[in-house]
Amino acid sequence: MSSTNKTPNLNLNNWVGSDIPKMADFNEDNSIIDLAISDHTSNSNIHTTASEKTAWSTPFYMQTYTGNGNANRTISISAPFSPKWGIVFKTSYTPHVVDINNEASYHYFGIFSTSGSMNGLSISGKNLTVLQSTIPVHGMEYRTYNEAGSTYLIIAFR
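Residues numbered from 1 in each chain as written. Predicted model: local features only at pLDDT ≥ 70, side-chain atom pairs only at ≥ 80, totals over all residues. Heavy atoms only, no water.

### Comments concerning the nonpolar core
When a protein is soluble and globular, its nonpolar side chains tend to lie buried together.
And step 1. Ranked by size, the top nonpolar core spans 16 residues in total, and within it Tyr65, Ile77, Val88, Phe112, Leu128, Val130 and Ile154 carry the most contacts.
And step 2. Secondary-structure elements contributing two or more residues to this core are strand 9 (121–124), strand 10 (127–131) and strand 12 (151–157).
And step 3. Top element by residues in this core is strand 12. It accounts for three residues. (Core = buried A, V, L, I, M, F, W, Y, C linked by side-chain atoms within 4.5 Å. Buried < 20%, exposed > 50% of the residue type's maximum accessible area, 1.4 Å probe, protein only. Helix = DSSP H or I, 4+ residues; strand = E, 2+ residues; numbered from the N terminus.)

### Thoughts on unusual backbone geometry
And step 1. Within the chain, Ser92 stands out as a residue other than glycine whose phi angle is a positive 55°.
And step 2. With respect to the secondary-structure elements, Ser92 resides in the loop between strand 5 (85–90) and strand 6 (96–99).
And step 3. Although it is not a glycine, Glu103 adopts a positive phi angle of roughly 50°.
And step 4. Examined against the element boundaries, Glu103 turns out to sit in the loop between strand 6 and strand 7 (104–107).

### Looking at the sheet that holds strand 10
And step 1. The three strands lie next to each other as 4-10-9, forming an open sheet whose pairing is antiparallel. Each edge of the open sheet carries a strand with a single partner, namely strand 4 (72–76) and strand 9. Strand-to-strand twist across the sheet, computed as the mean angle between neighbouring axes with direction ignored, equals 20°.
And step 2. Note that strand 9 and strand 10 share four bridges and pair antiparallel. Pairing of Ile123 across the sheet is with Leu128, part of strand 10. (Pairing = 2+ DSSP bridges. Axes fitted to C-alpha atoms, helices over the stretch in contact; angles between N-to-C directions.)

### A word on the environment of Ile154
And step 1. Assignment of secondary structure puts Ile154 in strand 12.
And step 2. We classify Ile154 as buried; its relative accessible area is 1%.
And step 3. Aside from chain neighbours lying at most four places away, what touches Ile154 is Tyr61, Met62, Gln63, Tyr65, Ile75, Ile77, Ile87, Val88, Phe112 and Leu128. (Contact = heavy atoms within 4.5 Å.)

### Here we look at the environment of Gly110
And step 1. Relative to the helices and strands, Gly110 is located in strand 8 (residues 109–113).
And step 2. Separated by 22 residues in the primary sequence, Gly110 and Val88 have C-alpha atoms spaced 5.3 Å apart.
And step 3. Dropping the residues within four chain positions of it, Gly110 is found in contact with Gly86, Ile87, Val88, Met118, Leu121 and Tyr145.

### Looking at the pairing of strand 10
And step 1. Where strand 4 lies against strand 10, five bridges are found, and the strand directions are antiparallel. Across the sheet, Arg73 pairs through a bridge with Val130, a residue of strand 10.
And step 2. Counted between consecutive antiparallel strands, the loop separating strand 9 from strand 10 contains two residues, among which Gly125 sits at a positive phi close to 65°.

### Observations regarding a nonpolar patch on the surface
And step 1. Judged by side-chain polarity, Leu10, Ile33 and Ile37 come together as a nonpolar surface patch covering roughly 240 Å² of accessible area.
And step 2. Relative to the helices and strands, Ile33 resides in helix 1 (residues 23–42). (Patch = residues over 30% accessible without salt bridge, like charges linked within 9 Å, V, L, I, M, F, W, Y side chains within 5 Å. Areas by Shrake-Rupley, 256 points an atom, 1.4 Å probe, with all protein chains shown as cover. Salt bridge = Lys/Arg side-chain N within 4 Å of Asp/Glu carboxyl O.)

### Observations concerning the sheet that holds strand 3 (residues 60–66)
And step 1. Spatially, four strands are ordered 3-12-5-8 in an open sheet, and the strand pairing comes out antiparallel. Edge positions in the sheet fall to strand 3 and strand 8, since each has one partner strand and no second. Here the average twist between neighbouring strands, direction ignored, is 20°.
And step 2. Here strand 3 pairs with strand 12 via seven bridges, running antiparallel. Across the sheet, the residue bridging to Met62 is Ile155, located in strand 12.

The structure is reproduced here in structure tokens:
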């Protein structure tokens, strides 16, 4: 004989003192519980996957590189994802310098994205291309994202 009462949510056996539990009752309850847990964990609409948890716990990635002075350089970003956007800047330095005597403007900060970037930066997959201007790229503006001996920080976002 199964139980006199059932639980409200999973309809499991809920015995009273006069009930006589049987092994079949326990086996049926275990099957109901197993099915409920399996339905939950396999439903990607209500259950977080391992890759989603990883994405949430690693929304950005930081790395540095030292400039080598080359006019065009590709930096491989070591992030566990392909960045959608990010920023690059020379560490311990101002983002922009105006040289009034030479009528020049030097940019040490830039934003890149898969849908468009500031002049001097571009991203393709995990490869970030940076420019070190030898001539002005616009008016008297120089992009300085690979100055020899300078340290730059990349902050890449999912």
